[in-house]
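Below, each chain spelled out in residue letters.
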Amino acid sequence: MSDFIEHCLGRVVALQVRLYACQARLADCTDPEALHDLRITLRQLRSLLRPLRGLPAVDALEEGAAVLGRLSGPLRDREVLTAELERLGLAHLAPIDEAQQAAGYVALARSDELADIMRLLDGWPGNWRDAARQGQLDNVKKRIRRRLHRQQRQLAQALRDPAHDRHRLRLLIKRVRYAAETYPAQSRLSKAAQSRLKRAQSALGDWHDHLQWLAQVEMLTSLRPCRDLWLQAQQASERRADDALLALYGDFPVEG
């Protein structure tokens, strides 16, 4: 196999090792960063796999990572909300207590979804090597470049849409940024452009978090003391996000 194909194989195996470690840390319930690290690992796995869709064994593994990401999302949202309330000195307003959160960690560690992705990862090296021997990976670099370019083109168009959806822009920016980190040579994005993507993603993420918290205020009366503060922060983060999005125009020009 080529060095690049071996590199992709090694990256997936390394991510599998990290997932095993995250699983053990979640089951132990003593590591506050375990869930966050699990989701980062899943994100890195999906970023590696997404441009390879259609190749043997890729689609099932990428979908498995997506399913586990969706399953762990609400648990992470509660972590973030709890951290915000602690920052405000209002930890007593948290909708769930530590015992409930710990039970969520254990359930995730023992979930069928996590077991399924581990099983798929076990079979990955053999499937990847078989695909290489059969010549199915001969043009893999070209495939990756083409798909990353398509992502960048979609972002360029979305940035200039007068009715742009910040939620969709946040998703597109995450995909382009993480793909550039995973495949720097194929993405051809400068470090400065990646830095601007990171800034825009951060501002949009802050906006999104406050939007979610404000939605919970409407359902949970215990959170109402936070409403005005969160509303002001949401409006400020929206302005920062719009400024950061404008700064991306030069990095992602619309093709003629």
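Shown above is the structure to which this text applies.
Now for a quick tour of the structure. (Residues numbered from 1 in each chain as written. Predicted model: local features only at pLDDT ≥ 70, side-chain atom pairs only at ≥ 80, totals over all residues. Heavy atoms only, no water.)

## Describing the environment of R168
Note that R168 resides in helix α7 (residues 166-182). Separated by ten residues in the primary sequence, R168 and A158 place their C-alpha atoms 8.2 Å from one another. (Helix = DSSP H or I, 4+ residues; strand = E, 2+ residues; numbered from the N terminus.)

## Topic: the packing of aromatic side chains
Applying the stated criterion across every chain yields a total of three aromatic pairs. For the pair W124 and W128, a centre-to-centre distance of 4.9 Å together with 20 degrees between the ring planes defines the contact as stacked. With W124 and W128 both in helix α5 (residues 112-133), this residue pair falls four residues apart, about one helical turn. Grouping residues by exposure puts W124 and W128 together as buried. Between W213 and W230, the aromatic rings sit 5.3 Å apart at their centres with planes inclined by 40 degrees, giving tilted as the arrangement. One end of the pair, W213, is in helix α9 (residues 191-217); the other, W230, is in helix α10 (residues 227-246), and 17 residues separate them in sequence. Under the relative-accessibility criterion, W230 is labelled buried at 0%. Above the ring of W207, the side-chain terminus of R166 is found at 5.8 Å from the ring centroid. (Phe/Tyr/Trp six-rings, centres within 6.5 Å; stacked < 30°, edge-to-face > 60°. Buried < 20%, exposed > 50% of the residue type's maximum accessible area, 1.4 Å probe, protein only. Lys NZ or Arg CZ within 6 Å of the ring centre and 35° of its normal.)

## A word on unusual backbone geometry
A positive phi angle, close to 60 degrees, is found at C29, a residue other than glycine. Mapped onto the fold, C29 is located in the loop between α1 (3-28) and α2 (34-49). The class for C29 is partly exposed, based on a relative accessible area of 33%. Residues other than glycine seldom take positive phi values, yet R188 does so here, at roughly 60 degrees. Along the chain, R188 falls in the loop between α8 (184-187) and α9.

## As for helix α3 (residues 58-87)
Taking 1.5 Å per residue, 30 residues should reach 44 Å; α3 reaches 41 Å between its end C-alpha atoms and fits that length. The largest bend in α3 is about 40 degrees, located at G73, with the proline P74 one to four residues further on. Trailing α3 by a residue or two, G89 shows a phi angle of about 75 degrees, which is positive. (Expected span 1.5 Å × (residues − 1). Bend = angle between axes of the 7 residues up to and from the residue.)

## What to know about the side chain of Q234
Along the chain, Q234 turns up in helix α10. A residue is classified by how much of its surface remains accessible, and Q234, at 7% relative accessible area, is buried. Once residues within four sequence positions are removed from consideration, Q234 is found in contact with W207, H210, L211 and L214. (Contact = heavy atoms within 4.5 Å.)

## A closer look at the nonpolar core
Counting residues in each nonpolar core, the largest one holds 40 residues, and the members touching the most others are L52, I117 and W128. Listed by contribution, the elements that provide at least two residues to this core are α1, α2, α3, α4 (98-109), α5 and α6 (140-159). Looking at this core element by element, the count peaks at nine residues for α1. Apart from the residues lying within four places of it in its own chain, the contact partners of L52 are V58, W128, V140, R143, I144, R147 and Y183. By size, the runner-up hydrophobic cluster in this structure holds 21 residues, among which are L169, L172, A200 and L204. (Core = buried A, V, L, I, M, F, W, Y, C linked by side-chain atoms within 4.5 Å.)

## Brief notes about the packing of α1 against α2
For any two helices packed against each other, one specifies the crossing angle of their axes together with the interaxial distance. The geometry of α1 relative to α2 is characterised by a closest axis approach of 9 Å and an angle of 160 degrees between their N-to-C directions. Here α2 runs roughly antiparallel to α1, going by the angle between their axes. Between α1 and α2 lies a crossing whose hand is left-handed. Where α1 approaches α2, its residues C8, R11, V12, L15, R18, L19, C22, R25 and L26 are matched on the opposing element by A34, L35, D37, L38, I40, T41, L42, Q44, L45 and L48. Among the residues forming the contact of α1 with α2, the class breakdown is 13 nonpolar, two polar and four charged. (Axes fitted to C-alpha atoms, helices over the stretch in contact; angles between N-to-C directions. Parallel < 35°, antiparallel > 145°, perpendicular 65-115°, else oblique. Left-handed = near helix turned anticlockwise from the far one by under 90°. Nonpolar A, V, L, I, M, F, W, Y, C, P; charged D, E, K, R; others polar.)

## Some details on the state of the cysteines
Tallied over the entire structure, the rule returns zero disulfides. The thiol sulfur of C29 is not disulfide-bonded, and the nearest other cysteine sulfur, from C22, lies at 14 Å. (Disulfide = S-S within 2.5 Å.)

## Regarding α2
Taking 1.5 Å per residue, 16 residues should reach 22 Å; α2 reaches 23 Å between its end C-alpha atoms and fits that length. What α2 keeps buried is the set A34, L35, L38, T41, L42, L45, S47, L48 and L49. Its buried side turned inward, α2 meets α1, α3, α4, α5 and α7.

## With respect to a positive patch on the surface
Taken together, the side chains of K141, K142, R145, R146, R150, R153 and R188 make up a positively charged region of the molecular surface. For R153, the position within the fold is in helix α6. With a relative accessible area of 32%, R153 lands in the partly exposed category. (Patch = residues over 30% accessible without salt bridge, like charges linked within 9 Å, V, L, I, M, F, W, Y side chains within 5 Å. Areas by Shrake-Rupley, 256 points an atom, 1.4 Å probe, with all protein chains shown as cover. Salt bridge = Lys/Arg side-chain N within 4 Å of Asp/Glu carboxyl O. Lys, Arg positive; Asp, Glu negative; His and termini not counted. Charge placed at Lys NZ, Arg CZ, Asp CG, Glu CD.)

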